[in-house]
Amino acid sequence: MKIQEPPTSHIIRGIISDLDGVAYRGDSAIPSSVRAFRTWHEQGLPYAFVTNNSTKSAAQFAAKLTSIGIPAEARQVFNTISATTSLLARRWPQGTPVFAIGEQPLRTAIEAAGYDLTSEDPEVVVLGFDSTLDYAKLRTTIRAALAGAAIVATNPDVLTPGHDGYDPCVGVMTAAVVAAVPSAKPVVVGKPQPFLIERALEHLGTAKHETIMIGDQLATDIAAGNAAGLRSVLLASDVPFNAATGVVPDRVVSSLLDLLDATSERAGPLS
Ligand SMILES: [Mg+2]
């Protein structure tokens, strides 16, 4: 039987981490993070990833992580695609007309969940990150909102880190809808809701007080980690607006390598 550590324990037995801005920025790996995750993999320390990004499937994220040197399988990745289809399934019957702004993996998952993707009189509009967002999609969304369609946003982020700066994210679209249709009350999936972290924690099977949530954004990652009852670690970055959130992490590090001391006890004998 495992001995329960007091809540103040600094031992880390499980890691849940954000992706964009922690493992990589855009398509560029963060080398110190890669080294940290490789060490944890070698130590047998379990880790999982939670991302508000809905542009790739779990398998595609795992492949991206593996390509930059972080061993990962699809079952270790929890993203807002499955969280969004879970929400749809809880609230609307299959066959409900849905207009979705988003990349193909999100749209494919919504269709696979039994919903009819259409721009004609949708009852639900799903807002996801879409690099081909255009005026026609925005107009369809606004008109649907005016007609009373429910608005579901995959995540609240207004900015997402790219390789050469920050890109506008789903929160910008949500803000546009609310600006045009103040009566619209978007439902927001993803962090800071604790849903993704709770699924990742179930996968790890570790106790909350022995598990950390690592992220680069206070308003989403750290708020979600705190809401889920985990200890939260902020990877310090230049994320705009972080200072204004009022959310406090349990620890701030400048590199994930700074966490290796707290995880080294997990290392087994070399034999
Ligand atoms: Mg991030």
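Shown above is the structure to which this text applies.
One structure accompanies this document, and this report is about it.

Cut-offs applied
- Residues numbered from 1 in each chain as written.
- Predicted model: local features only at pLDDT ≥ 70, side-chain atom pairs only at ≥ 80, totals over all residues.
- Heavy atoms only, no water.
- Donors = N, O, S within 2.8 Å, 3.2 Å for Na, K, Ca; no water.
- Helix = DSSP H or I, 4+ residues; strand = E, 2+ residues; numbered from the N terminus.
- Buried < 20%, exposed > 50% of the residue type's maximum accessible area, 1.4 Å probe, protein only.
- Pairing = 2+ DSSP bridges.
- Axes fitted to C-alpha atoms, helices over the stretch in contact; angles between N-to-C directions.
- Contact = heavy atoms within 4.5 Å.
- Right-handed = clockwise from strand over helix to strand, strands pointing away.
- Core = buried A, V, L, I, M, F, W, Y, C linked by side-chain atoms within 4.5 Å.
- Parallel < 35°, antiparallel > 145°, perpendicular 65-115°, else oblique.
- Left-handed = near helix turned anticlockwise from the far one by under 90°.
- Nonpolar A, V, L, I, M, F, W, Y, C, P; charged D, E, K, R; others polar.
- Phe/Tyr/Trp six-rings, centres within 6.5 Å; stacked < 30°, edge-to-face > 60°.

## Section: the coordination of the magnesium ion
Piece 1. Protein coordination of the magnesium ion is provided by Asp18 (OD), Asp20 (O) and Asp216 (OD), with donor distances spanning 2.0 to 2.1 Å.
Piece 2. Mapping the donors of the magnesium ion onto the primary sequence yields the spacing D-x1-D-x195-D. Residue Asp18 is found in the loop between β1 (14-17) and β2 (24-25), and its partner Asp216 is found in the loop between β13 (211-215) and α8 (218-227); the two are separated by 198 residues along the sequence.
Piece 3. Taking relative accessible area as the criterion, Asp18 reaches 6% and is therefore assigned buried.
Piece 4. By relative accessible area, which is 1% here, Asp216 ends up buried.

## A word on the sheet that holds strand β5 (residues 77-79)
Piece 1. If you walk across this open sheet you meet the 6 strands as β5-β4-β1-β13-β14-β15, and the pairing is parallel. Bordering the open sheet on either side are β5 and β15 (251-253), each of which pairs with just one other strand. Put simply, the sheet's adjacent strands are angled 25° from each other on average, direction ignored.
Piece 2. Both β13 and strand β14 (residues 231-235) contribute to a ladder of 4 bridges, which runs parallel. The residue of β14 that forms the bridge with Ile212 is Arg231.
Piece 3. On top of the sheet, helix α2 (residues 58-67) reaches β4 (47-51) and β5; it is set at about 130° to β5, its chief contact.
Piece 4. Taken strand by strand, helix α7 (residues 195-204) contacts β1, β4, β5 and β13, and its axis lies near 165° from that of β4.

## Observations regarding the pairing of strand β6 (residues 97-101)
Piece 1. For β6, the buried fraction is high: 5 of the 5 residues fall into the buried class.
Piece 2. Of the two faces of β6, the one lined by Pro97, Phe99 and Ile101 and the one lined by Val98 and Ala100 are each fully buried.
Piece 3. The handedness of the β6 to strand β7 (residues 116-117) crossover, carried by helix α4 (residues 104-112), is right-handed.
Piece 4. Here 4 bridges tie β6 to strand β8 (residues 124-127), and the two strands are oriented parallel to one another. Considered in β8, the bridge of Phe99 is made with Val125.

## As for the nonpolar core
Piece 1. The biggest cluster of nonpolar side chains holds 29 residues, and the ones touching the most others in it are Ile15, Trp40, Phe49, Leu65, Ile70, Ile214 and Leu256.
Piece 2. Only α1 (31-43), β4, α2, β13, β14 and α9 (260-263) provide two or more residues apiece to this core.
Piece 3. Broken down by element, the residue count for this core peaks at 4 residues, all from α1.
Piece 4. When residues no more than four places from it in sequence are discounted, the contact partners of Leu65 are Leu19, Ala23, Tyr24, Phe49, Ile70, Ala72 and Val77.
Piece 5. Ranked by size, the runner-up nonpolar core spans 27 residues in total, among them Ile16, Val50, Phe78 and Leu196.

## Points about the packing of helix α3 (residues 80-91) against α4
Piece 1. Between α3 and α4, whose axes approach to 10 Å, the crossing angle comes to 30°. As judged from the angle between their axes, α3 and α4 are roughly parallel. Crossing handedness for the pair α3 and α4: right-handed. Between α3 and α4, the contacting residues are Ile81, Thr85 and Leu88 on the first element and Pro105, Leu106, Ala109 and Ile110 on the second.
Piece 2. Across the contact of α3 with α4, the residue classes tally to 6 nonpolar, 1 polar and no charged.

## Overview of the packing of aromatic side chains
Piece 1. Applying the stated criterion across every chain, the model contains 4 aromatic pairs.
Piece 2. When the ring of Phe37 is compared with that of Tyr47, the centres are 5.1 Å apart and the planes differ by 75°; the resulting orientation is edge-to-face. Here Phe37 is found in helix α1, whereas its partner Tyr47 is found in strand β4, with 10 residues between them in sequence. The same class applies to Phe37 and to Tyr47, which are both buried.
Piece 3. Each ring, one from Tyr47 and one from Phe49, has its centre 5.6 Å from the other, and the planes form 70°; the classification is edge-to-face.

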